Amino acid sequence: MQNKLFINGRFVDALSGVTIEVLNPHDGSVITHIAAAEAADVDLAVEAAARAFPAWSRMAAAQRGRLLLRLADAIEANAEELARLESLDTGHPIRDSRALDVPRTAACFRYFGGMADKLEGAVVPVEPGFLNYVQRAPIGVVGQIVPWNFPLMFTSWKMGPALAAGNTVVIKPSELTPLSSLRIAELMAEVGFPDGVVNVVPGYGHTAGQRLAEHPRVGKIAFTGSTATGRSIVEASQGNLKRVQLELGGKGANIVFDDADLDAAVNGAAWAIFHNQGQACIAGSRLVLHERIADAFLDRFSALAASIRLGNPLDPETEMGPLTSAQHRDRVLSYVDVAREQGGQLLAGGKAPAAASLAQGYYVEPTIVQARPDDRVAQEEVFGPVVTVLRFGSDEQALAIANGTPYGLGSGLWTRDLSRAHKLAGAMQAGMCWINCYKRVSPGSPFGGVGQSGYGREMGFEAMRDYTEARSVWVNVDAQIAPHYRR
Ligand code: NAD
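Residues numbered from 1 in each chain as written. Predicted model: local features only at pLDDT ≥ 70, side-chain atom pairs only at ≥ 80, totals over all residues. Heavy atoms only, no water.

Per an unreviewed UniProt entry, the chain carries the name Aldehyde dehydrogenase (NAD+)/betaine-aldehyde dehydrogenase and comes from Cupriavidus alkaliphilus. Per UniProt, the chain has the following entry under Sequence similarities (unreviewed entry): "Belongs to the aldehyde dehydrogenase family." (UniProt positions renumbered as here; feature names shortened; annotations may be inferred.)

Novice: Teacher, can you tell me more about the site of the ligand here?
Specialist: The immediate surroundings of the ligand are formed by 27 residues, with Val146, Ser226, Thr229, Leu248 and Glu381 found nearest. Interatomic distance of 2.8 Å between a side-chain N/O atom of lysine 172 and an oxygen atom of the ligand. Here a nitrogen atom of the ligand and a backbone polar atom of glycine 205 are 3.4 Å apart. Against a free-state accessible area of 850 Å², the protein chains account for coverage of 88% of the ligand. (Near = heavy atom within 4 Å. Polar contact = N/O pair within 3.5 Å; in protein donor to acceptor, adjacent residues only side chain to side chain. Areas by Shrake-Rupley, 256 points an atom, 1.4 Å probe, with all protein chains shown as cover.)

Novice: Would you explain helix H6 (residues 179–191) in this entry?
Specialist: One full turn of an α-helix is made of 3.6 residues, so residues set three or four places apart face in the same direction. Spanning 13 residues, H6 covers 19 Å between terminal C-alpha atoms, matching the ideal 18 Å at 1.5 Å per step. With 10 of 13 residues buried, H6 is to be regarded as a mostly interior element. Taken as a whole, H6 has its buried residues at Leu179, Ser180, Ser181, Leu182, Arg183, Ile184, Ala185, Leu187, Met188 and Val191. Looking one or two residues beyond H6, the residue adopting positive phi is glycine 192, at roughly 110 degrees. (Helix = DSSP H or I, 4+ residues; strand = E, 2+ residues; numbered from the N terminus. Expected span 1.5 Å × (residues − 1). Buried < 20%, exposed > 50% of the residue type's maximum accessible area, 1.4 Å probe, protein only.)

Novice: What's the story with a nonpolar patch on the surface in this structure? I'm lost.
Specialist: A cluster of nonpolar side chains, namely Val123, Leu131 and Val477, defines an oily patch on the protein surface of about 270 Å² accessible area. With respect to the helices, strands and loops of the structure, valine 123 is situated in strand E5 (residues 122–124). (Patch = residues over 30% accessible without salt bridge, like charges linked within 9 Å, V, L, I, M, F, W, Y side chains within 5 Å. Salt bridge = Lys/Arg side-chain N within 4 Å of Asp/Glu carboxyl O.)

Have a look at this one:
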């Protein structure tokens, strides 16, 4: 298991010698100690990336793509090891790491591997006699900062388009979950990525992250994390006016209408909030129910939530693992009190499970609270297995509730009425809307938010464009230009 920084193609200790304990969220045991990058280490990583940039950006795009395709193959060849590592480090149930995280990571690298030589420029019809063409040029060194909830998958969402487009990368995983990104770096070295093209610098946000965001040689910072940290990233980026891409928090509204297929909606709504213990920016954390079906829905939904199997993430039977840290578990549970203080009603869960086998881990039961749209528990991102139930009577009310937070990331609609579905999907202030499904992602489909959920898009051609600059080139083919200054 790699536990050092990856700089210029080598695993090295932090200059300060400082390390961070990485804990197993299932039982609080120490998995390993990792080197903690600080500003001086980040500087070395940025210098390595800057040195690697000219050759990498001039390499044939198809060759860059081939390296990404080889990486995707290497991920598949090491799938079981990566799945176990991710589950050990993050608490993802192994069945999800096997079925979702690892295949999605490989698929995303493969998608961008295939796209490397397909991002075309344009020829613009300007005045006769001139040729104007637009090239998509890489930005240079990009800094990428990721959170702890899907650390493996985010290596591909972030690095895939950046590398395919010809940039070099310094990526900072969360100090809580650095292990899978270090293993990806090792695989990248094995399949032949040149030294310095990718550098991985685990460390704390206020030191390593801050330095990366403010570094004058970093041309773009791509950040996934909380809205509060996103603001500090914007501030830190101002020194050299680097480009900023922000994937921030969410408070997804998942609306169930009275004509919905209730079996599908109950199951889909549970997946929307309880997958990965609710630690997902797109989680359907507001369950917005039509008053005519709300009680029947909640009976079935509560029964399903109570039956979800909590357990050791490495057990294939486990459907819900622990939260990522003790501190985060305490924060999530504090929202149950917040809800109660404002008159909210606890319908299920709201505490750590009683099982002795889970007592050392950071577990929280699937939790359902009923509240009002303006209550804190319905407005603030809890980022845990806590769903807030809200009721509505008309489509207009449902839409007002859905659009009634400062966030705008994921959203869902369950209805059999096609015209209502499309009409409302267009009116949702959200980057993604799922109709009769939830949490679908694909490397080709743009992912990102509006409002305080951030700006910029991951995946698809949108992401490739976000990692390039448009360069306009003018050629005088046979234009006669009248002299401006007649002498
Ligand atoms: P966080 O903002 O605390 O940390 C995210 C990353 O930023 C970590 O690597 C951290 O070390 C670093 N960081 C912290 N302070 C920093 C600073 N001052 N300067 C630079 N870097 C700093 O978020 P978290 O608690 O790790 O993750 C949960 C949050 O991430 C939630 O709000 C969630 O919605 C959001 N998220 C968003 C998306 C999305 O695509 N929109 C996806 C996943 C998670």
